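Architecture at a glance
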Amino acid sequence: MSARTTATKQKLFDAALKLVGERGAASVTVDEIAAEAGVAKGTIYYNFASKDALVEALLHHGVEILAGRLRSAEGSEDSLEALVDQMLGFWAEYPAFGQLLVSELWRTPGQWHGTLSLLRDDIVSIVRGQMKRLADAGRLPEGVEVGTASAALFGTLLVIALDWQVFQPERSRAEVRESVMLLVRGMRSAR
């Protein structure tokens, strides 16, 4: 793929993400995406077969970025905290992507449910690897199932990040990360 094609697709992704984040995928038109990207409508059809194909490619693109960031946390000294930080950083940088994921993941049955299920599984499998390492080290409470802990951490971080962006934007990423880590590590009662 040429640099120009890559740049055009990125402009289309950025425009679609902005509009979809504001109004949802179903209510955004190809004309609006083209206008937001500053390109002709035909440019969308040249790069993608339809608006749906553009949204599906956008979902893959966003999850690839998120997965790369989560994988980069795997070798850190405290890889769980690094994973939490990377996920929060991603949601801070791409809040509309978080909105798209939440709205489409829970729509039943959603147009992109099959794609989102696979993409969700990709992300949760990275988190599952971290949870498995914690379980193997005896750092998960007895009886906590690795798969459940993985899905719970992913879902918790997604909802916390959206809550942060929408209702508490004055909080810093470090403050949010520390709050999450207190929850993840377990609340200790003051005695």
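Residues numbered from 1 in each chain as written. Predicted model: local features only at pLDDT ≥ 70, side-chain atom pairs only at ≥ 80, totals over all residues. Heavy atoms only, no water.

1. Describing the overall build of the protein
This is how it is decided: Put simply, DSSP H or I for four residues or longer makes a helix, DSSP E for two residues or longer makes a strand, and each gets a number counted from the N terminus. Buried means the residue's accessible area, taken with a 1.4 Å probe over protein chains only, is under 20% of the maximum for its type, while exposed means over 50%, and partly exposed covers the values in between. The contact definition used throughout considers only heavy atoms, calling two residues in contact when any of these lie within 4.5 Å. Only the protein chains shown count as cover for residues, and all accessible areas are computed by the Shrake-Rupley method using a 1.4 Å probe.
A count of helical and extended segments in the protein gives 9 helices and 0 strands. Walking the protein from its N terminus toward its C terminus, one meets helices and strands in the order α-α-α-α-α-α-α-α-α. Viewed in the frame of its principal axes, the protein has a C-alpha envelope of about 65 × 35 × 35 Å. Sorting the 191 residues of the protein into buried and exposed places 41% on the buried side. The contacts of the protein with a sequence gap of at least 6 include a subset with a gap of at least 24, amounting to 63%. Accessible surface, the protein: about 10,300 Å² in total, of which carbon and sulfur atoms supply 54%.

2. Examining the nonpolar core
The test is simple: To form a nonpolar core, buried Ala, Val, Leu, Ile, Met, Phe, Trp, Tyr and Cys residues must be joined to one another through side-chain atoms within 4.5 Å.
Counting 60 residues, the largest nonpolar core has Leu59, Met87, Trp91 and Met131 as the members making the most contacts within it. The set of elements that each furnish at least two residues to this core consists of helix 1 (3–23), helix 2 (30–37), helix 4 (51–72), helix 5 (79–93), helix 6 (95–105), helix 7 (113–136), helix 8 (146–167) and helix 9 (173–185). A total of 9 residues in this core trace back to one element, the largest contributor, which is helix 8. With sequence-adjacent residues up to four places away left out, leucine 59 is seen in contact with Phe97, Leu100, Leu101, Trp112, Leu116 and Leu119.

3. Let's talk about the pattern of salt bridges
Think of it this way: side chains of opposite charge can pair up when their charged atoms draw near. To keep it simple, the criterion reads: By definition, a salt bridge exists where a carboxyl oxygen of Asp or Glu is found within 4 Å of a side-chain nitrogen of Lys or Arg.
Following the criterion strictly, the structure yields 13 salt bridges and no others. Two residues, glutamate 36 and lysine 18, come together in a salt bridge whose shortest N-O distance is 3.8 Å. Separated by 18 residues along the polypeptide, glutamate 36 in helix 2 and lysine 18 in helix 1 bring together distant segments of the chain. Across the pair aspartate 31 and lysine 41 runs a salt bridge, and its minimum N-O distance is 3.4 Å. Within this pair, whereas aspartate 31 is found in helix 2, its partner lysine 41 is found in helix 3 (residues 41–47), the two being separated by 10 residues in sequence. A relative accessible area of 44% places aspartate 31 in the partly exposed class. In this structure lysine 41 comes out as partly exposed when scored by relative accessible area, which is 39%. In the salt-bridge network here, residues are joined through shared partners; they are Asp78, Glu81, Asp85, Arg173, Arg177, Glu178 and Arg185.

4. A closer look at helix 2
Basically, it comes down to this: The reported arc concerns the directions from the helix axis to the C-beta atoms and nothing else.
Every buried residue belonging to helix 2 is among Val30, Ile33, Ala34 and Ala37, and all of these are buried. Viewed along the axis of helix 2, the buried residues span an arc of 100°, placing them on a single side of the element. Positioned one or two residues after helix 2, glycine 38 has a phi angle of 75°, which is positive.

5. Notes on the packing of aromatic side chains
What counts is decided by this rule: Pairs were defined over the aromatic rings of Phe, Tyr and Trp, the Trp ring being its six-membered one, requiring ring centres within 6.5 Å. Orientation was assigned from the angle between planes: stacked under 30 degrees, edge-to-face over 60, tilted for the rest. The criterion for a charge sitting over a ring is simple: Lys NZ or Arg CZ within 6 Å of the ring centre, and within 35 degrees of the ring normal.
Across all of its chains, the model carries 5 aromatic pairs by this definition. Between phenylalanine 90 and tryptophan 91, the aromatic rings sit 5.0 Å apart at their centres with planes inclined by 70°, giving edge-to-face as the arrangement. Note on accessibility: phenylalanine 90 and tryptophan 91 belong to one class, buried. The positively charged end of lysine 9 is found above the aromatic ring belonging to phenylalanine 48, 5.4 Å away from the centroid.

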